[in-house]
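Structural overview
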Amino acid sequence: MGLNISRIAIIGMGLIGGSLGLAIKAAREEKTEVTGIDTNELTLVKARQRGAADIITADLAEGVAQADMIFLCTPVLQVVPLVKKIAPCLKQGAILTDTGSTKSYLLEQISSLLPEYVHYVPGHPMAGREKSGIEAADVNLFHNKWYILTPPADVNRVATDAVRQVIGWTGAQITVMDAVKHDWCTALISHVPHIGAAALVNLLAYSEDQDSSIKLAGGGFRDTTRIASSNADMWADICMTNAGPIADGLDKFNQLISEVAAAIRQNDRRTVHNFFSTAKERRDELLQLEQAVTGQPMSNGR
Ligand SMILES: NC(=O)C1=CN([C@@H]2O[C@H](COP(=O)(O)OP(=O)(O)OC[C@H]3O[C@@H](n4cnc5c(N)ncnc54)[C@H](O)[C@@H]3O)[C@@H](O)[C@H]2O)C=CC1
Ligand SMILES: O=C(O)C(=O)Cc1ccc(O)cc1
């Protein structure tokens, strides 16, 4: 039997908060009331129009007061100041969770800010896109995607189960991980690739004929750089709050690039061939592994 989560507040009704609202309402209809909170009035109006929230407000205290569960869905560096503001307004037994892309920083900062009767269960949906804002929200964004929870060892079990239950309504699959491990893992599979994609686009500034380069850029360039269209605010916050793993990952990435550059300069075809064939083998293995775990082809069809 699940817990009765009848009131949910979502702070930050953009891509992730809006998609959560849409998915929760689609699954629960009148059984769970969603309050959408945002500093942007137009976002709030659009969120209600799209059916991502029943109630909208820019007033934090009013929006969270009755909530059984609160989702924080703003860029990471906004989360801690928001927790400081809402902590005194939360009701006894309220469950706080977030969707931030980095976890150790938030866990360290937030735990000490909350009264002992509020339970914090950090989360991170491994689903998203390069577009932001309520306009990009999608009821199916989390469907069949991984949703990571990084609960601290002493977290209330009932609170974690309640978050699992609500995430289940979105169609996502849950996996639990230690926050530090999460940050090293996501640095390599998400944060460094986003920086790499941005670097590839910025590299075009060195082209002697930029207009022709942009005109001729084909599918390969598009595929590898889609995520370079992501929101700069969000990515600057991610880099500031996961500095060690990201900087380490970038150092290793630099090393790989330097090695292949040296091999190319030395006309060392065997090493260059090995660079590509190793990558192809690994990627093919990753696709198979994903299929084995989820029982279906890679969720984004890539
Ligand atoms: N975009 C993506 O693909 C993914 C993002 N995330 C994480 O989820 C969080 C949200 O990301 P998105 O939805 O993409 O961002 P977004 O930019 O689409 O939405 C953020 C919303 O928060 C609002 N906001 C900002 N500061 C606020 C404040 N102080 N008080 C109230 N509202 C405020 C903005 O007005 C906006 O509507 C971030 O922490 C991000 O790291 C996690 C997984 C995927
Ligand atoms: O657009 C994509 O493919 C992404 O990788 C989206 C994304 C961005 C940030 C996250 O923390 C998780 C997922």
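The rules behind each value
Residues numbered from 1 in each chain as written. Chains lettered and ligands numbered in written order. Predicted model: local features only at pLDDT ≥ 70, side-chain atom pairs only at ≥ 80, totals over all residues. Near = placed C-beta within 6 Å. Helix = DSSP H or I, 4+ residues; strand = E, 2+ residues; numbered from the N terminus. Nonpolar A, V, L, I, M, F, W, Y, C, P; charged D, E, K, R; others polar. Domains from an automatic or database assignment. Contact = placed C-beta atoms within 7 Å. Pairing = 2+ DSSP bridges. Axes fitted to C-alpha atoms, helices over the stretch in contact; angles between N-to-C directions. Buried ≥ 20, exposed ≤ 12 C-beta atoms within 10 Å, placed from the backbone. Expected span 1.5 Å × (residues − 1). Parallel < 35°, antiparallel > 145°, perpendicular 65-115°, else oblique. Left-handed = near helix turned anticlockwise from the far one by under 90°. Core = buried A, V, L, I, M, F, W, Y, C linked by C-beta atoms within 7 Å.

Let's talk about the site of ligand 1
Contacts to ligand 1 come from 29 residues, most closely from Gly-12, Gly-14, Ile-16, Gly-128 and Ser-132. If you list the elements that add at least two residues to the shell around ligand 1, you get α1 (15–28), α4 (76–86), β7 (123–125) and α10 (232–241). Across the shell around ligand 1, the residue classes break down as eleven nonpolar, 16 polar and two charged. Split by domain, the residues of the shell around ligand 1 number at least three in each of domain 1 (7–177) and domain 2 (181–294).

Brief notes about the domain arrangement of the chain
Partitioning the chain into domains gives domain 1 (7–177) and domain 2 (181–294). The partner domain 2 presents 17 residues to the 15 residues of domain 1 that form the contact. Of all the secondary-structure elements, those providing two or more residues to the side of domain 1 that touches domain 2 are α4 and α5 (104–111). Class assignment for the residues of the side of domain 1 that touches domain 2 results in six nonpolar, seven polar and two charged.

A closer look at the sheet that holds strand β9 (residues 173–176)
Strand order across the open sheet formed by three strands is β7-β8-β9, with mixed pairing between neighbours. With one partner strand each, in any of the chains shown, β7 and β9 form the two edges of the open sheet. Going across the sheet, the axis of each strand differs from the next one's by a mean of 25 degrees, ignoring polarity. Against the sheet, helix α6 (residues 157–169) contacts β7, β8 (146–149) and β9, and its axis sits at roughly 165 degrees relative to β8.

Thoughts on α5
Residues of α5 that are buried: Ser-104, Tyr-105, Leu-106, Leu-107 and Ile-110. Packed against the buried residues of α5 are α4, β5 (95–98), β6 (119–120), α7 (179–203) and α10.

Quick notes on the sheet that holds β6
In spatial order, the strands read β3-β2-β1-β4-β5-β6; together these six strands make up an open sheet with parallel pairing. Of all the strands in the sheet, the pair left with one neighbour each is β3 (55–57) and β6.

A look at α7
The terminal C-alpha atoms of α7, which comprises 25 residues, lie 33 Å apart, in line with the 36 Å expected from a rise of 1.5 Å per residue. Looking at α7, one finds that the buried residues are Ala-179, His-182, Asp-183, Thr-186, Ala-187 and His-191. Those residues of α7 that are buried are in contact with α5, β7, β8, α10 and α11 (243–265).

Structural notes on the packing of α7 against α11
Closest axis-to-axis distance for the α7/α11 pair is 9 Å, and the angle between their directions is 60 degrees. With respect to their mutual orientation, α7 and α11 come out oblique. When the axes of α7 and α11 are compared, the crossing they make is right-handed. Where α7 abuts α11, its residues Asp-183, Trp-184, Ala-187, Leu-188, His-191, Val-192, Ile-195 and Gly-196 lie against Pro-245, Ile-246, Gly-249, Leu-250 and Phe-253. Here the residues of the contact of α7 with α11 are counted per class, giving nine nonpolar, three polar and one charged.

Things to note about the nonpolar core
Core analysis: the largest hydrophobic core is formed by 59 residues, its most contacted members being Ile-10, Ile-70 and Phe-71. Apart from residues lying up to four places away in sequence, Ile-70 is in contact with Ala-9, Ile-11, Val-64, Ala-94 and Leu-96.

With respect to the environment of Gly-93
Mapping Gly-93 onto the fold places it in the loop between α4 and β5. Gly-93 gets classed as partly exposed once you count the C-beta atoms within 10 Å, which come to 13. As for Gly-93 and Val-118, which are separated by 25 residues in sequence, their C-alpha atoms are 5.3 Å apart.

Some points on the environment of Ala-243
Within the secondary structure layout, Ala-243 lies in helix α11. Spatially, the C-alpha atom of Ala-243 lies 9.7 Å from that of Asp-183, the residues being 60 residues apart in sequence.

Observations regarding the site of ligand 2
Around ligand 2 sit Ser-101, Met-126, Gly-128, Arg-129, Glu-130, Ser-190 and Ile-227, and that is every residue in its neighbourhood. Residues belonging to the shell around ligand 2 are distributed by class as follows: two nonpolar, three polar and two charged.

Comments concerning unusual backbone geometry
The backbone phi angle of Glu-29 is positive, close to 50 degrees, even though this residue is not glycine. You can see Glu-29 is positioned in the loop between α1 and β2 (33–37). Phi is positive for Asn-267, close to 60 degrees, though the residue is something other than glycine. Mapped onto the elements of the fold, Asn-267 is located in the loop between α11 and α12 (269–294).

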